[in-house]
Amino acid sequence: MIPLIKTLLPPKEILMPRLEEILYSGYIAQGEAVDQFEMEFSKYIGCKNSLSVNSGSSALHVALILAGVKPGDEVISTPITAEPTNTVIAQTGAKIIWADIDPNTGNICPDDVERKITSKTKAIMVVDYAGIPVNIKRFQEIEKKYGVSVIEDAAHALGASYEGEKLGNHFKYTTFSFQAIKHLTTVDGGMVCIKDDAEYEQAKLIRWFGISKGVSRLENDIKAQGYKYHMNNINATIGLVQLETIQSIVDQYIDNGKYFDKALQNVAGVQLMGYYDNSEPSYWLYTMKVERRDAFVQMMADNGVMASELHKRNDLHSIFSASKCELLNVDAFEKEWVHIPCGWWVSNEDREEIVSLIKKGW
Ligand SMILES: Cc1ncc(COP(=O)(O)O)c(C=O)c1O
């Protein structure tokens with residue numbers, strides 16, 4: 001079966017000597033390897049400040065705190081995402097206000113977001129779902145017009161770009177996840193790219209109990225709530241090795257995605273996703289809409305290819321019942337959306353086989 005998702009670790013002979021060295025170095029907590037990973041990540045993204053943490057969820061929480069989100073505030077978000085995007089908002093005590101999606105991309109719709117902004121709106125959470133960049137131009141305008149922070153959850157979109165610049169450069173906060181099946185894994189881990197230098201310094205305190213690393217423990221005075229969110233030298237070392245080859249890995253996702261974009265045009269029963277002007281997805285999943293989705297998934301499985309919608313629309317979870325509202329585009333999308341494998345493990349023969357299966361019909 002060609003899987004929909006797959007973990008990629010560097011070859012043993014490259015990773016293990018580096019891991020062994022750091023494991024027995026006497027310093028496995030947050031140290032030099034973490035600093036180096038952040039520096040190399042910033043270089044890859046082309047941004048100034050990258051703050052590593054122990055998960056993409058922690059990265060989102062740090063961003064929400066920096067945006068000033070507190071109990072009783074409202075955060076506008078999308079139900080078309082993995083659950084952590086929204087469980088972390090709930091963790092802050094803020095109320096989630098769902099916005100509908102743009103049916104062409106599956107991503108949060110800027111017009112609906114604008115309709116839902118109130119005096120209580122503290123942040124807007126946008127998700128580059130499956131690796132497709134959100135409507136960055138419109139969300140930048142909204143951020144400016146209403147003075148509300150946009151947090152970009154780019155957990156699926158490492159290496160995706162807008163106007164030639166990688167995601168991580170367009171909003172005050174952009175978060176990434178290095179969980180097991182992402183473009184880049186550190187086993188677990190996350191990063192938040194932060195535009196403002198003072199907020200970056202504040203974020204360093206938030207990720208480590210509120211304690212300043214540069215000052216001796218006895219001289220420290222914790223002034224605000226912090227958490228144990230830091231990354232350690234072991235995960236960072238895996239990340240550093242992964243970064244050495246990340247562009248060629250991302251390029252394989254993009255190459256497969258572009259192949260499907262071309263080969264699946266005008267196929268009966270298939271509607272391809274649209275992309276916003278000047279943006280390039282990094283195709284963590286290849287998303288499309290198909291008629292009779294269950295029959296499609298079954299046909300693909302019968303032929304050794306995993307296809308799935310993968311995520312449940314988040315607004316159906318009981319924990320979010322207070323946020324329930326009408327979302328007509330999500331209702332239509334959920335009946336037809338499906339993902340097919342698109343990552344580094346999908347060979348040229350595999351992708352040709354996938355296209356020929358789909359063209360035969362189901
Ligand atoms: C869209 C999205 N946001 C956030 C997360 C949270 O990342 P993590 O699992 O690293 O906490 C994930 C991953 O599971 C995700 O898919």
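The structure presented is a predicted model; accordingly, all values stated were derived computationally and were not measured.

**Student:** I'd like a description of the domain arrangement of the protein chain, backed by residues and values.
**Tutor:** Per the domain assignment, the segments making up the protein chain are domain 1 (12-243) and domain 2 (247-360). Relative placement of domain 1 and domain 2: their C-alpha centres are 25 Å apart. Opposite the 40 residues of domain 1 that make contact, domain 2 presents 38 residues. Buried area between domain 1 and domain 2, both sides added, is near 3400 Å², and the carbon and sulfur share of it is 59%. If you look at where domain 1 meets domain 2, you find 24 residue pairs in polar contact (both at pLDDT 80 or more). Here the side of domain 1 that touches domain 2 is composed, by residue class, of 20 nonpolar, 12 polar and eight charged.

**Student:** Outline the site of the ligand, listing residues and values.
**Tutor:** The full set close to the ligand counts 15 residues, and G56, S57, D153, H156 and S177 are the nearest of them. A distance of 2.6 Å separates a nitrogen atom of the ligand from a polar atom in the side chain of D153. One of the side-chain N or O atoms of S177 is found 2.7 Å from an oxygen atom in the ligand. Notes on the ligand: free accessible area 380 Å², of which the protein chains cover 89%.

**Student:** An account of the nonpolar core is needed here, citing residue identities and associated values.
**Tutor:** Within the largest apolar cluster, 115 residues are counted, with the highest numbers of intra-cluster contacts made by M288, F296, M300, I340 and I358. At seven residues, helix α9 (residues 246-263) tops the list of elements feeding residues into this core. Two domains each provide a minimum of three residues to this core, namely domain 1 (12-243) and domain 2 (247-360). When residues no more than four places from it in sequence are discounted, the contact partners of I358 are L264, V267, V270, M288, F296, M299, M300 and I340.

**Student:** So, the sheet that holds strand β4 (residues 121-127): which residues are in play, and what are the values?
**Tutor:** Strand order in the open sheet formed by seven strands is β1-β9-β8-β5-β4-β2-β3, and the pairing between neighbours is mixed. Each edge of the sheet is formed by a strand with only one pairing partner; in this case those strands are β1 (50-53) and β3 (95-98). Geometrically, the sheet is characterised by an average inter-axis angle of 25° between neighbouring strands, direction not taken into account. Here three bridges tie strand β2 (residues 74-77) to β4, and the two strands are oriented parallel to one another. Bridge assignment links I76 to a residue of β4, and that residue is I124. Here helix α4 (residues 84-91) sits on the sheet in contact with β2, β3, β4 and β5 (149-153), set at roughly 175° to β2.

**Student:** Help me get a handle on the pattern of salt bridges, residues and values and all.
**Tutor:** All told, the structure shown has 20 salt bridges when counted by the stated rule. The partner of E114 in a salt bridge is R138, and the shortest N-O contact between them spans 3.0 Å. Placement of the pair is E114 in helix α5 (residues 110-116) and R138 in helix α6 (residues 136-146), with a sequence separation of 24 residues. For R313, the salt bridge identified is with D331, shortest N-O distance 2.7 Å. In this pair, R313 is assigned in the loop between α10 (293-302) and α11 (328-336) and D331 in helix α11, connecting sequence segments 18 residues apart. Residue D331 is classed as partly exposed on the basis of its relative accessible area of 26%.

**Student:** Give me the packing of aromatic side chains: which residues, what numbers.
**Tutor:** Enumeration over the complete set of coordinates arrives at 16 aromatic pairs. Measuring from ring centre to ring centre gives 6.0 Å for Y259 and F260, while their planes differ by 65°; the resulting arrangement is edge-to-face. Cluster of aromatic residues (ring-pair linked, three or more members): Y259, F260, Y275, Y283 and Y286. K213 extends its terminal NZ or CZ atom over the ring of W208, reaching a point 3.9 Å from the ring centre. Over the ring of Y259 we find R351; its NZ or CZ atom is 4.3 Å from the centre of that ring.

**Student:** Give a detailed account of the sheet that holds strand β13 (residues 337-340), specifying residues and quantitative values.
**Tutor:** The three strands lie next to each other as β10-β12-β13, forming an open sheet whose pairing is antiparallel. Each edge of the sheet is formed by a strand with only one pairing partner; in this case those strands are β10 (270-272) and β13. Taken over all neighbouring pairs, the strand axes of this sheet differ in orientation by 40° on average, direction set aside. With four bridges connecting them, strand β12 (residues 286-290) and β13 associate as antiparallel partners. Following the sheet pairing, Y286 is matched in β13 by I340.

**Student:** Requested: an account of the layout of surface pockets, with residues and values cited.
**Tutor:** Here the largest pocket defines a volume of roughly 400 Å³. Residue lining of the largest pocket: 22 residues in total, with I65, I206, A224, Q225 and G226 positioned closest to the centre. Among the elements of the structure, α3 (56-66) and α7 (197-206) are those that each provide at least two residues to the lining of the largest pocket. When residues in the lining of the largest pocket are grouped by element, the largest group, three residues, is from α7. When grouped by side-chain class, the residues that make up the lining of the largest pocket number eight nonpolar, 10 polar and four charged.

**Student:** Any chance you could break down a nonpolar patch on the surface for me, citing the residues and the numbers?
**Tutor:** A contiguous nonpolar surface patch, about 360 Å² in accessible area, is contributed by L23, Y24 and I28. Note on placement: Y24 falls in the loop between α1 (12-23) and α2 (32-45).

What counts and how
Residues numbered from 1 in each chain as written. Predicted model: local features only at pLDDT ≥ 70, side-chain atom pairs only at ≥ 80, totals over all residues. Heavy atoms only, no water. Domains from an automatic or database assignment. Contact = heavy atoms within 4.5 Å. Buried area = accessible area lost by both parts, 1.4 Å probe. Polar contact = N/O pair within 3.5 Å; in protein donor to acceptor, adjacent residues only side chain to side chain. Nonpolar A, V, L, I, M, F, W, Y, C, P; charged D, E, K, R; others polar. Near = heavy atom within 4 Å. Areas by Shrake-Rupley, 256 points an atom, 1.4 Å probe, with all protein chains shown as cover. Core = buried A, V, L, I, M, F, W, Y, C linked by side-chain atoms within 4.5 Å. Buried < 20%, exposed > 50% of the residue type's maximum accessible area, 1.4 Å probe, protein only. Helix = DSSP H or I, 4+ residues; strand = E, 2+ residues; numbered from the N terminus. Pairing = 2+ DSSP bridges. Axes fitted to C-alpha atoms, helices over the stretch in contact; angles between N-to-C directions. Salt bridge = Lys/Arg side-chain N within 4 Å of Asp/Glu carboxyl O. Phe/Tyr/Trp six-rings, centres within 6.5 Å; stacked < 30°, edge-to-face > 60°. Lys NZ or Arg CZ within 6 Å of the ring centre and 35° of its normal. 1 Å grid on protein atoms, 1.4 Å probe; cavity = no way out; pocket = protein on both sides within 12 Å on 5 of 7 lines; lining within 4 Å. Points joined across faces, edges and corners; volume = space filled by probe spheres on them. Patch = residues over 30% accessible without salt bridge, like charges linked within 9 Å, V, L, I, M, F, W, Y side chains within 5 Å.

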